[in-house]
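Residues per chain are reported as follows:
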Amino acid sequence: WLLKSIANQLRIALDRIDEDSRLSARVRVVRALVDMARRDGAEIDMTQQALGELLGISRITAGQILRELQAAGLLRLEYRRIVVTGLAGLAALGG
């Protein structure tokens with residue numbers, strides 16, 4: 001029973017990774033920020049470089065997307081920190 005349960009959880013996780021890799025960089029950034037904000041709170045201590053590495057995108061791409069989201073009023077960029085200010089709006093973008 002335990003082994004079957006662990007195998008099922010692993011399969012679900014691998015399926016999600018496969019699905020996420022097909023999403024645009026923007027959607028991956030948005031979903032990651034929503035997940036982190038829901039789990040850890042609105043203040044996310046993470047650099048743009050670390051976010052890019054986590055999602056398999058470049059720092060430049062991560063930065064461009066974050067600046068667009070900041071211009072839309074959904075987050076605020078601080079030194080080594082991302083502050084989510086519009087979680088509902090951000091979640092709506094994530095699909």
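Our subject is the structure that appears above.
Presented here is a report on the structure given in the accompanying data block. Fair warning: this is a prediction, and the values are worked out from it, not measured in the lab. (Residues numbered from 1 in each chain as written. Predicted model: local features only at pLDDT ≥ 70, side-chain atom pairs only at ≥ 80, totals over all residues. Heavy atoms only, no water.)

A word on the overall build of the protein. In terms of helices and strands, the protein carries five helices and three strands. Counting from the amino terminus, the protein carries its helices and strands in the arrangement α-α-β-α-α-β-β-α. Counting every position in the protein, which comprises 95 residues, the buried fraction comes to 29%. Summed over its atoms, the accessible surface of the protein is roughly 6300 Å², and 55% of this surface lies on carbon and sulfur atoms. (Helix = DSSP H or I, 4+ residues; strand = E, 2+ residues; numbered from the N terminus. Buried < 20%, exposed > 50% of the residue type's maximum accessible area, 1.4 Å probe, protein only. Areas by Shrake-Rupley, 256 points an atom, 1.4 Å probe, with all protein chains shown as cover.)

How two helices sit against one another is set out by the angle between their axes and by the gap between those axes. With their axes 8 Å apart at the nearest point, helix 3 (residues 48–55) and helix 4 (residues 59–71) run at an angle of 110° to one another. Classed by the angle they form, the pair helix 3 and helix 4 counts as roughly perpendicular. Between helix 3 and helix 4, the contacting residues are Gln48, Gln49, Leu51 and Gly52 on the first element and Arg59, Ala62, Gly63, Leu66 and Arg67 on the second. (Axes fitted to C-alpha atoms, helices over the stretch in contact; angles between N-to-C directions. Parallel < 35°, antiparallel > 145°, perpendicular 65-115°, else oblique. Contact = heavy atoms within 4.5 Å.)

Judged by pairing direction, the sheet is antiparallel, and its three strands sit side by side in the order 1-3-2 without closing on themselves. Each end of this open sheet is capped by a strand with a single partner; those strands are strand 1 (43–44) and strand 2 (75–78). (Pairing = 2+ DSSP bridges.)

What follows concerns the pattern of salt bridges. Pairs can form between side chains of opposite charge whenever their charged atoms are close. Enumeration according to the criterion identifies six salt bridges in this entry. For Glu68, the salt bridge goes to Arg26, with nearest N and O atoms at 2.8 Å. Highlighted residues: Glu68 in helix 4 and Arg26 in helix 2 (residues 25–40), separated in sequence by 42 residues. Judged by its relative accessible area of 46%, Glu68 falls in the partly exposed class. The partly exposed category is assigned to Arg26, whose relative accessible area is 34%. A salt bridge links Arg81 to Glu43, with the shortest nitrogen-to-oxygen separation between them at 3.5 Å. Linking Arg81 in strand 3 (residues 81–84) with Glu43 in strand 1, this pair joins segments that are 38 residues apart in sequence. The network of salt bridges with common partners includes Glu43, Asp45, Arg76, Glu78 and Arg81. (Salt bridge = Lys/Arg side-chain N within 4 Å of Asp/Glu carboxyl O.)

This part covers the pairing of strand 2. As judged from the four bridges shared by strand 2 and strand 3, these two strands associate in the antiparallel manner. Across the sheet, Arg76 pairs through a bridge with Val83, a residue of strand 3. Between strand 2 and the antiparallel strand that follows it, strand 3, lie two residues; Arg80 among them carries a positive phi value of about 55°.

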